[in-house]
Amino acid sequence: MTTIDVPSLSLVVLVGASGSGKSTFAAAQFGPYETVSSDECRGIVSNDPNDQGATDAAFDLLHHVVGVRLSAGLLTVVDATNVQPHARRALVELARAHDVLPVAIVLDVPAGVCVERNEARADRDFGAHVVKRQHDQLRRSLRGLGREGFRTVHVLHGPDEIAAARIGRRPLRSDRSDEHGPFDVIGDVHGCRGELEALLDRLGYALVRDEAGRPVDAVHPDGRRVVLLGDLVDRGPDSVGVLRLAMGMVAAGHALAVPGNHEAKLVRALDGRAVQTSHGLAGTLEQLAAEPEGWRREVRDFCDGLVAHLVLDEGRLVVAHAGLKESFHNRASGRVRSFALYGDTTGESDEYGLPVRLPWADDYRGRAMVLYGHTPTPEAVWVNGTMCLDTGCVFGGKLSALRYPEKELVQVPAEREWYAPARPFLPTADPTADPTASPTNSATNGRDPGVLDLEDVLGARVVETSLLGRVTIAPENAAGALEVMSRFATDPRHLLYLPPTMSPCATAPDGDLLEHPAQAFAGYAADGVTAVVCEEKHMGSRAVVLVCRDARVAADRFALPAGSTGVVHTRTGRPFFSDERAEQLLATVRAAADRADLWTRLGQATAQTDLAAQIGDAAQTDDAAQAAPADWLLLDAELLPWSLKAGELLREQYAAVGAAARASTRAAVEALITARDRDLPVADLLARTTARAANADAFGAAYRRYVWPTDGLTGVHLAPFQVLAAGVGAGGATFETRDHLWHLDVADALVAADETGVLRTTRRLVVDVTDPASVAQGVDWWTSLTAAGGEGMVVKPLANLVRQGRRVVQPGVKVRGREYLRLIYGPDYTEPANLERLRSRGLGRKRSLAQREYALGLEALHRAVAGEPLWRVHQAVFAVLALESEPVDPRL
Amino acid sequence: MLLTLTATGGAGVPADDLGYLLHKHPARVQSFDVSSGTAHVLYPRSDDEVCTVALLLEVDPVALVRGKGGREPFALAQYVNDRPYVAASQLAVALRRVFATALAGRCDTRPDLVDRVWPLDVHLPVAACAGGPDAARRLFEPLGWDVTATALPLDPDVPQWGDSRYVDLRLRGAQRLADALAHLYVLLPALDANKHYWVGDDEVDKLVRVGGTWLATHPAQSEIAHRYLARRSRLAQSALARLAEVDDLAAPDDEPAADDEPAATTGTGSDETAATTPAPAPAQALLVHARHDAVLAAVRESGASSVVDLGCGEGALLVRLLEDGYARVLGTDVSTRALERAARRVDAFPERVRARVVLAQSSVTYVDARVAGFDAAVLMEVVEHLDPPRLPALERAVLGAARPGTLVVTTPNAEHNVRYPQLAAGSMRHPDHRFEWTRAQFRTWARAAAGAYGYDVTFRPVGPDDDEVGPPTQLAVFRRRDRPAAPTTETAGGTR
């Protein structure tokens, strides 16, 4: 039995005359969808699998299908005769275009057997001469197949060998998905052995030395392993020593390594090829010349045997010397190797003679973390989930390692500048030197660029949420959101969250109310939630407040402009204030947080959340007590009065309707009274009109409660009720699993520490929905709130985020007061006939929307505190806005 | 809503003969179903001396918002609505339904009354009146009415809010009854000039028919026509409107047009009178034209054959680019409504010309592969609509990613604003402008952006270059340093 090994992602080209048994072979050896057959394509385009006239169209289709499959990373088999060179050339090109290895399997069957088989088939009416010709073409092709670009060519002779052959799939050499780490990934060493030893020591490795005292291995007590990102050699003082240590570690299984461009060049030099010995190669060759010939050979084979990129930990980590764009992960081709070794070069050189490299990481949108080196940068920074760990050790910078999966940087400074860089290593004042440099370029300012791609948000999008799985965004909703986001929303770099919409409680079945607390309590009881918290619904506007501890955090973490230490924005991301009131309000919150020492408290809460996530256990108070204070807070709040934001709406819409209603109904009542006094039968009409006049007055009273004058912050109130997130450094935590009393306690601490009177408390009542007495208390509380002119209340599960199986229980429902609803349903909605008709409102879409937006909002927060790239956070935030543009009855 | 009409008797004709003309008996209360609810006709007073008829329209507010054809309108503004209370199009429709015969000038039982001229007193306690009491006078006085219009306050409890757009309207005059009804029928909706939710195209036709001869000779005839056509696009509810509503904002106005110059002369008033201003003042039109010319000249000089107009709005410049014969034109805007209107404009071209232009929604603060690869790009009156912290994103997206060979940018010159007498000191030319730059500010920004991305930049004035304050508009031409040499003039401009 012959076993034919093919790479698990490859394009397998079967070569053989008609009747050689290709289809049978393919069906036996490959999956049902893996084979694309030219006969089948002929059938699809012409209804006849043997119609030779349809060949061109059939191959267009075949190439298209193959291309689509290869793009998706699927092994594909081409079942066509492929006896002619031009047919094979097209397939080799297709494989290369998708950076997939082409493999040929030749079925060399005597022509006579093929003819015999074809004659046995009623549908094959072409003559023996056709098969004969194909067979001749095949024989002529055999010798040259290897030179046509196939990675491997397998020839199976005769029906027996074909029947006995088995296909074995071997992973690509780059595919090391089963290596799960933990790793310590080290950037460009360039012969800096001393710094490498120091770094390994700091990482916790114990060096192993040979009899001559030279380090030949390093072992970590916890079994951690090193990943070397290439460019071990050249420029530095001891390339040979670094190689000895690296080769020893790799051989012992204590390290993985990818080659750098310097290793590639070293191999060519050792092979005796003519290479320029600039950029430090001469020094390495000199050092190697002092070593035994056999060891030089080992060095050559070690460097030559390294795979240009590695995909590790189930695809979650990719390492390559110069980085790798996503479409090249786990692919194999010349250009994939070239990208991995040299980066995304334009072929041009800059004024220092160095190749111009494109900032591929700015456009990176992959899920895998990519760690790389190659381009020296002063600081290692995250750019869209990638990090360059070449911090220019040999140029006097630092040698850097990143602990994976901890994402913790460990660095040692260079002992000295070992080699003078061609281009100034530290950024210079002249930004014109590099055409790709810019104020927002990640390479120059060390920050995730505030630049997003339209592809991130426009069109039909699916956002993966941890809470609800895939949430789909319709293209028309994204289009509406793009306009609002672009024209009105605050900078995406400090827009971490948009609040979800909230559904009202189920409609009251009877009585003179549309919404009543009993339905809210009953709803949660049905969902299995026992304890709920009722929170007063403030008569203002929803506000999200991002407040930084100081200006440095604001600039470093959120790229906020000078003089700005946070943002106060609306439900659609618009800043509330365009003047100094924004900073005044932020200063008020910050001062209260300072006095209440909230930064420490939330720093500890963040650390506890981290520990709980890691250990699966809550309240590791000892460690948390040592935690760093929080750098920033994100608060969910209500900003009052409503007229502050909605002044124009109140004036142009509500007051106008009120004015018209008052004057109109009064005049009508007068006319009807005169008519009644003439004994005209208008009693019913007069009664209805009189009721409308009263409704008009009630309407005016309802909106006037939302209007009061403000001057600066005088008259303005902020009522925080929830801590959405807090951050420390690049990380942070969210608090959706802490119960609402914890959140309200934090809010109370802020209010208590506020000396300005701007911060306002949120009244609340906990209700046990299974206890009739408690429920009655809740109803009474709501009744007194609304009777006093209050807007109503929001009922939430006390425990906060509650799952019920795979569903998420509504995070809150609103129960709005009778008078407030006049502003929503119109002055006369309370007339019994109107109420009855309004009860038929459907809540299904609103409730579904509320859940999806809640999941997206939380997803955005999770991504933000995990330090994920801006585009990932923005995608989730944008999706909330897109869903908000869905047409749902706005009165709900 | 309520309308009362009072006639005074005399010359042997008792006032309550009005009942014959109206075909409604003064001793009865009659009710009629109309599309918006129920119309009641009754006489609060009817005797020899004085006869007052009241038309009281009871609008069903719940049915009102359900709309026709089962399509729910999705704007909160339509639920909390002045329509049940104001005398406007709905009342006009009811008037025609209830007093059709009188309106037609027929009275079979008393033909002698048809042409009688009555001393009439019409009272509308709440009439929607865009433009305030003056507009009511402009519309009714030429028809022989003595007009008393008193603006109603928005809220007596909040006096600082001032007056509403409603007036208590009283018309007194000697008129034929049929004429009086026709005047009301045509002019009440016109007075409103807003939200003709319940007036379809056929209703407009009817109004014009009823207007007959007197409308043709009315001095405010074109204003009346404009008021009918005004804001009919508001019928369409957009996603943008829904999102504004999420934020408790009033319904958004049309997106900022690129050509939003304030008039150079005084005379145009508030937004409410915009409907009465048929065309922009000549100075505005001139500047818009000059700006287009300057941008087109800069693009032409660059030798470009493909152009992208970033923030093309409704496509005014696109049309000129097409006329200039560029081989490939792309217009992008963040507003899908603006793009729909731009599409209507370019659809007017022959298919072969139309095929050279593509319209696409995009945003200048996002990188978009579709806007890359053009010889020239235009940002005409766009940058000032961005918050300043977003400018680096625009620079990166346009100069860094799209990298046109030439970029033409125009923006207002803030220094010139003092030449606009009606523009309050320190205010900007358009409510959506986030900033307006002086010449020095514009140049500082442009030079820094150009330097950062490998461009050279030059500046020119657009419009009359005032010695003291400079031109009304400033223009910058960015040229990419490594762009390929410009093609010869024969091929420049593409297929021209």
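Since the structure is predicted, the reported quantities are computational estimates derived from the model, not experimental observations.

## Observations concerning the overall build of chain B
When you go through chain B residue by residue, the secondary structure sums to 15 helices and 15 strands. Across the 496 residues of chain B, 48% fall into the buried class. Within chain B, residue pairs in contact and separated by at least 24 positions form 71% of the contacts whose partners lie at least 6 positions apart.

## Description of the overall build of chain A
Helices and strands together make up the secondary structure of chain A, namely 28 helices and 37 strands. Judged by the C-alpha coordinates and their principal axes, chain A covers about 115 × 80 × 55 Å. Burial status across chain A gives 51% buried among its 892 residues. For chain A, contacts bridging at least 24 residues in sequence account for 72% of all contacts bridging at least 6.

## Quick look at the interface of chain A and chain B
The partner chain B presents 69 residues to the 73 residues of chain A that form the contact. Among the secondary structure elements, those contributing two or more residues to the side of chain A that touches chain B are β23 (452-453), α15 (475-487), α21 (642-677), α22 (683-704), α25 (822-825) and α26 (832-838) of chain A. It is α21(A) that provides the largest number of residues to the side of chain A that touches chain B, a total of 22 residues. Considered class by class, the residues forming the side of chain A that touches chain B number 37 nonpolar, 18 polar and 18 charged. As defined by bridge partners, β23(A) adjoins strand β11 (residues 366-367) of chain B across two bridges and the pair is classed as parallel. Its bridge partner lying in β11(B), L452(A) is registered against Y366(B).

## What about the packing of helix α10 (residues 261-270) of chain A against helix α11 (residues 281-289) of chain A?
All names here are of chain A. The contact between α10 and α11 brings their axes to 11 Å, and the two run at 55°. The orientation of α10 relative to α11 falls into the category oblique. α11 is crossed by α10, and the crossing has right-handed handedness. Only L281, T284 and L285 of α11 make contact with α10, whose side of the interface consists of K265, L266 and A269. Counted by class, the contact of α10 with α11 contains four nonpolar, one polar and one charged residues.

## Regarding the UniProt feature "domain: Polynucleotide kinase-phosphatase ligase" (unreviewed entry) in chain A
Under the local residue numbering, the UniProt record ascribes the feature "domain: Polynucleotide kinase-phosphatase ligase" (unreviewed entry) to residues 481-603 and 606-887 of chain A. Here residues 481-603 of chain A runs as 37% helix and 16% strand, with 34 Å between its end C-alpha atoms.

## Considerations on the sheet that holds strand β7 (residues 163-176) of chain B
Residues and elements named next belong to chain B. Pairing in this open sheet of seven strands is antiparallel, and the strands run β2-β3-β4-β1-β5-β7-β6 from one edge to the other. A strand with exactly one partner marks an edge of an open sheet, and here the two such strands are β2 (30-34) and β6 (146-153). Averaged over all adjacent pairs, the angle separating strand axes in this sheet is 15°, with direction ignored.

## Let's talk about the pairing of strand β3 (residues 37-46) of chain B
All names here are of chain B. Taken across its ten residues, β3 has eight buried, putting it largely inside the fold. Hairpin connection, β2 to β3: the antiparallel pair is bridged by two residues. Relative to strand β4 (residues 50-59), β3 is paired through eight bridges, and the arrangement is antiparallel. Residue pairing across strands places S46 opposite C51, the latter belonging to β4. From the end of β3 to the start of β4, which pair antiparallel, there are three residues.

## Overview of the sheet that holds strand β9 (residues 183-186) of chain A
Residue and element names in this part refer to chain A. One open sheet accounts for five strands, arranged β13-β12-β9-β21-β22; its pairing is mixed. Pairing within the sheet leaves two strands with one partner each, and these edge strands are β13 (255-257) and β22 (408-413). If you compare each strand with its neighbour and ignore which way they point, the axes differ by 20° on average. With three bridges connecting them, strand β12 (residues 225-228) and β13 associate as parallel partners. Across the sheet, residue L228 finds its bridge partner in β13, namely A257. Sheet contacts for helix α8 (residues 193-203): β9, β21 (398-404) and β22; angle to β22, the most-contacted strand, approximately 140°.

## Quick notes on unusual backbone geometry
In this structure, the amide linkage connecting G181(A) to the following residue, P182(A), adopts the cis form with an omega of 0°. Relative to the assigned elements, P182(A) resides in the loop between β8 (175-176) and β9. The linkage connecting Y404(A) with the following residue, P405(A), adopts the cis geometry, with an omega of 10°. By the secondary structure assignment, P405(A) is in the loop between β21 and β22. Backbone geometry at E381(B) places phi at a positive 50°, although glycine is not the residue there. Checked against the element boundaries, E381(B) lands in the loop between β12 (376-380) and α14 (391-402).

## What about the nonpolar core?
By size, the foremost hydrophobic cluster in this structure holds 278 residues, and its most contacted members are L496(A), L55(B), V126(B), A127(B), L181(B) and V378(B). In terms of residue count, α21(A) provides more of this core than any other element does, 18 residues in total. In contact with V126(B), not counting residues within four places along its chain, are A660(A), A663(A), S664(A), M1(B), Y85(B), V86(B), A87(B), L152(B) and Y166(B). Listed in part, the 110 residues of the second largest apolar core include I162(A), A218(A), A308(A) and V336(A).

## Quick notes on the pairing of strand β14 (residues 309-312) of chain A
Residues and elements named next belong to chain A. Alternating residues of β14 divide into H309 and V311 and L310 and L312, and every residue in both groups is buried. Relative to β14, β8 is paired through two bridges, and the arrangement is parallel. Paired with R176 across the strands is L312, a residue of β14. In this sheet, strand β15 (residues 317-320) lies alongside β14 in antiparallel orientation, the contact comprising four bridges.

## Let's talk about the confidence of the model for chain B
Residue and element names in this part refer to chain B. For chain B, the mean per-residue pLDDT works out to 82, and 78% of the residues sit at or above 70. Ignoring residues within four places in sequence, the model shows residues 252-280, a span with pLDDT below 50, making 56 contacts including any to other chains. Interface scoring of the predicted complex returns ipTM 0.81; its pTM is 0.80.

## Some points on the environment of L821(A)
Residue and element names in this part refer to chain A. Inspection of the secondary structure puts L821 in the loop between β37 (813-816) and α25. Considered as a pair, L821 and L358 are 463 residues apart in the sequence and their alpha carbons are 57 Å apart. Apart from the residues lying within four places of it in its own chain, the contact partners of L821 are L514, R816 and Y829.

## Section: the confidence of the model for chain A
Residues and elements named next belong to chain A. Per-residue pLDDT for chain A has a mean of 90; in total, 94% of the residues score no lower than 70. Considering only residues more than four positions removed or in separate chains, one finds that residues 428-448, a stretch of pLDDT under 50, has 52 contacts. Scored below 50 in pLDDT, residues 616-621 makes seven contacts in the model with residues more than four places away or belonging to other chains.

## Concerning the UniProt feature "domain: Methyltransferase type" (unreviewed entry) in chain B
Cross-referencing UniProt, the feature "domain: Methyltransferase type" (unreviewed entry) maps to residues 308-405 of chain B in the present numbering. End C-alpha atoms of residues 308-405 of chain B are separated by 11 Å, and the span's content is 36% helix alongside 21% strand.

## A short note on helix α23 (residues 740-753) of chain A
The periodicity of an α-helix, 3.6 residues per turn, causes residues three or four positions apart to be oriented the same way. All names here are of chain A. Here α23 spans 20 Å end to end across 14 residues, near enough to the 20 Å set by a 1.5 Å rise per residue. Among all positions of α23, only H740, H743, L744, V746, A747, L750 and V751 are buried. Buried residues along α23 cover an arc of 155° about the axis, so they all sit on one side.

## Overview of the environment of A206(A)
Secondary-structure assignment places A206(A) in strand β10 (residues 206-209). Assessed through the 11 C-beta atoms surrounding it within 10 Å, A206(A) is described here as exposed.

## Observations regarding the environment of V457(A)
Residues and elements named next belong to chain A. Tracing the chain through its elements places V457 in the loop between β23 and β24 (461-465). A residue is classified by how many C-beta atoms lie within 10 Å of it, and V457, with 26 of them, is buried. The spacing of V457 and L156 is 301 residues in sequence and 51 Å in space, taken between C-alpha atoms. If we skip the residues at most four places from it in the chain, V457 touches A478, L482, Q875 and F878.

## A closer look at α21(A)
Residues and elements named next belong to chain A. Between its first and last C-alpha, α21 extends only 45 Å over 36 residues, short of the 52 Å set by a 1.5 Å rise per residue. Taken as a whole, α21 carries its principal kink of about 55° at L650. The buried fraction of α21 amounts to 26 of the 36 residues, a majority that puts the element mostly inside the structure.

Calculation criteria
- Residues numbered from 1 in each chain as written.
- Chains lettered and ligands numbered in written order.
- Predicted model: local features only at pLDDT ≥ 70, side-chain atom pairs only at ≥ 80, totals over all residues.
- Helix = DSSP H or I, 4+ residues; strand = E, 2+ residues; numbered from the N terminus.
- Buried ≥ 20, exposed ≤ 12 C-beta atoms within 10 Å, placed from the backbone.
- Contact = placed C-beta atoms within 7 Å.
- Nonpolar A, V, L, I, M, F, W, Y, C, P; charged D, E, K, R; others polar.
- Pairing = 2+ DSSP bridges.
- Axes fitted to C-alpha atoms, helices over the stretch in contact; angles between N-to-C directions.
- Parallel < 35°, antiparallel > 145°, perpendicular 65-115°, else oblique.
- Left-handed = near helix turned anticlockwise from the far one by under 90°.
- UniProt positions renumbered as here; feature names shortened; annotations may be inferred.
- Core = buried A, V, L, I, M, F, W, Y, C linked by C-beta atoms within 7 Å.
- pLDDT = per-residue confidence, 0-100.
- Expected span 1.5 Å × (residues − 1).
- Arc of directions from axis to C-beta.
- Bend = angle between axes of the 7 residues up to and from the residue.

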